[in-house]
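# Fold and geometry: a report
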Amino acid sequence: MTVFGIEDESPRPVAPPQAGGRPTFSFELYPPRNEAAAEALHRSLAQLVAASPEFISVTYGANGSSRGVSLDVLRHLLHSTAVQPMAHLTCVGSSYAEASQLIREFLDAGVTSFLALRGDPPAGAREGDAFLGDLGSAGELVQLIHRVQAEREPFVQLPVPGFPGARRIAGGQKVTIAVAAFPNGHPRSRSIEQDLDTLLAKEAAGADLAISQLFFEADDFLGFVDRARTAGVTMRILPGVMPVLSVAQLHRIVELSGETLPVQLLHDLESADDPAAVGIAHATRLADRLLAGGASGIHLYTFNRHEAPLAVLGAVGLLDSARTPA
Ligand code: FAD
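Here the structure is a predicted model, which means the values were calculated and not measured.

So, on to helix H5 (residues 192-204). The end-to-end C-alpha distance of H5 is 18 Å, a good match for the 18 Å that 13 residues give at a rise of 1.5 Å each. Along H5, the residues that are buried comprise Asp195, Leu196, Leu199, Lys202 and Glu203. The arc that holds every buried residue of H5, seen down its axis, measures 120°, which confines them to one face. Turned more than 90 degrees off the buried face of H5, the exposed positions are Asp197 and Ala204. Those residues of H5 that are buried lie in contact with helix H4 (138-152), strand E7 (176-181), strand E8 (209-214), helix H6 (218-231) and strand E9 (236-241). Where H5 ends, the next residue or the one after it, Gly206, has phi of about 120°, a positive value.

Printed below as a string of structure tokens:
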């Protein structure tokens, strides 16, 4: 895709996720599927970047189907914007060697922030099937990313203050790794305790941050965070919020995520003259309650559009006044 051409080759250090202070916001994009979608994304991306998010994450198609295009978007963010890009990676169906090669390819491109996922097995697959690959969980991918980076850059030489020309050896650059969290339970999970154990295992494997699956009630997320803290999870957990702009979109995301259909939201969208306004108002109330309940930031699923996510952020006061939509 030519619209994501590289304009600047200067490398950027990893910015660790902000903790404390003003709540953060971040965005998720998916790689465009054709040239027209790439041009539309380019226009929305300029608006999203101008809002100065903490990071922008770029999804990764199942079985690596979007590998090249995801990398194009990530390279554009790295080299033409000041925003930290985060690469989603999935490992289901990959051998250790294939997953290591994939990680190296993204590190070589300059990506230093990842969202590590196992990903969905193909329909009908059963755990233990050989074609599901070598990595049995997202936690194993977290470990593998850290290992590949440590092998690639085992140490760095740093200047010694006051001794010109002297160098000291320090551990190599660490990468930032996020993982997924499921406030209402993952569809394959047997219990919420299993989801909490899985999240704890991801942190133990070296994850720095969790980003949640979408949900429709603030208490679903806030209650989950309370249980996660009691279980021993200490990393940041960002709520994933999606402004749902139509009835069709609501049905689609419920089908994809396995969440329970929110009946009131469905009714409000069905009876509205302007369903998008209803969806934005719903996401704004949700974000307001999450921030009031102590969420350290909001991660917005953008569907590659800027209008609704920026409207939500403006309404909850997270945008600088110059960027707040009228
Ligand atoms: P895990 O957390 O490892 O597992 C999910 C749950 O399944 C666990 O909580 C556990 O309860 C249960 N489980 C795990 N292993 C077993 C087992 N052996 N037996 C029984 N139960 C088990 N998908 C993509 O393809 N590309 C993307 O870019 C992408 N981005 C995402 C971003 C976010 C923020 C989220 C929330 C999801 C995303 N997904 C993406 C979807 C994701 O791949 C699926 O939800 C997947 O099923 C779970 O991924 P995971 O790696 O977090 O799994």
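All right, on to the site of the ligand then. In the neighbourhood of the ligand, 24 residues make up the surrounding shell, with Arg118, Asp120, His186, Asp195 and Lys202 lying closest. Ser189 is positioned such that a nitrogen or oxygen atom in its side chain is 3.3 Å from an oxygen atom of the ligand. Taking 970 Å² as the accessible area of the ligand by itself, protein coverage stands at 85%. Going through the elements one at a time, strand E3 (84-90), strand E4 (113-117), H5 and E8 are the ones with two or more residues in the shell around the ligand. For the shell around the ligand, the leading source of residues is H5, giving four residues. When its residues are assigned to classes, the shell around the ligand shows eight nonpolar, nine polar and seven charged.

Let's shift gears to the pattern of salt bridges. Under the defined criterion, the tally for this structure stands at five salt bridges. Between Glu54 and Arg236 there is a salt bridge, with the nearest N and O atoms lying 3.1 Å from each other. Taken together, the residues span a long stretch of sequence, with Glu54 in the loop between helix H1 (35-50) and strand E2 (55-58) and Arg236 in strand E9 at a distance of 182 residues. Judged by its relative accessible area of 14%, Glu54 is buried. Exposure remark for Arg236: the relative accessible area of 12% places this residue in the buried category. A salt bridge links Arg188 to Asp120; its shortest N-O distance comes to 3.4 Å. Of this pair, Arg188 sits in the loop between E7 and H5 while Asp120 sits in the loop between E4 and H4, and the two are 68 residues apart along the sequence. Of the residues examined, Asp120 reaches a relative accessible area of 55% and is grouped as exposed.

Attention shifts here to the nonpolar core. Ranked by size, the top nonpolar core spans 69 residues in total, and within it Phe106, Phe114, Leu199, Ile237 and Leu290 carry the most contacts. A total of six residues in this core trace back to one element, the largest contributor, which is H6. Those residues in contact with Leu290, other than ones at most four positions away along the chain, are Phe215, Ala218, Phe221, Leu222, Pro239, Val241, Ala295 and Ile298. Counting 18 residues, the second largest nonpolar core, distinct from the first, contains Ile211, Leu214, Ile253 and Tyr301.

This next bit is on the layout of surface pockets. If you add up the space inside the second largest pocket, you get close to 260 Å³. Surrounding the second largest pocket, 16 residues form its lining, Phe216, Glu217, Pro262, Leu265 and His282 being those nearest its centre. Looking at the lining of the second largest pocket, the elements with two or more residues in it are H6, helix H8 (263-271) and helix H9 (275-292). Across the lining of the second largest pocket, the residue classes break down as six nonpolar, four polar and six charged.

This brings us to unusual backbone geometry. We note that Phe303 has phi near 50°; this positive angle belongs to a residue other than glycine. Mapped onto the secondary structure, Phe303 falls in the loop between strand E10 (297-301) and helix H10 (307-315). Residue Phe303 is classed as partly exposed on the basis of its relative accessible area of 35%. With a phi angle near 65°, Asn304 is a residue other than glycine that sits in the positive phi range. Mapped onto the secondary structure, Asn304 falls in the loop between E10 and H10. According to the relative accessible area criterion, Asn304 is buried, its value standing at 7%.

Rules used in this analysis
- Residues numbered from 1 in each chain as written.
- Predicted model: local features only at pLDDT ≥ 70, side-chain atom pairs only at ≥ 80, totals over all residues.
- Heavy atoms only, no water.
- Helix = DSSP H or I, 4+ residues; strand = E, 2+ residues; numbered from the N terminus.
- Expected span 1.5 Å × (residues − 1).
- Buried < 20%, exposed > 50% of the residue type's maximum accessible area, 1.4 Å probe, protein only.
- Arc of directions from axis to C-beta.
- Contact = heavy atoms within 4.5 Å.
- Near = heavy atom within 4 Å.
- Polar contact = N/O pair within 3.5 Å; in protein donor to acceptor, adjacent residues only side chain to side chain.
- Areas by Shrake-Rupley, 256 points an atom, 1.4 Å probe, with all protein chains shown as cover.
- Nonpolar A, V, L, I, M, F, W, Y, C, P; charged D, E, K, R; others polar.
- Salt bridge = Lys/Arg side-chain N within 4 Å of Asp/Glu carboxyl O.
- Core = buried A, V, L, I, M, F, W, Y, C linked by side-chain atoms within 4.5 Å.
- 1 Å grid on protein atoms, 1.4 Å probe; cavity = no way out; pocket = protein on both sides within 12 Å on 5 of 7 lines; lining within 4 Å.
- Points joined across faces, edges and corners; volume = space filled by probe spheres on them.

Don't take any of this as a statement about function, it's just geometry.
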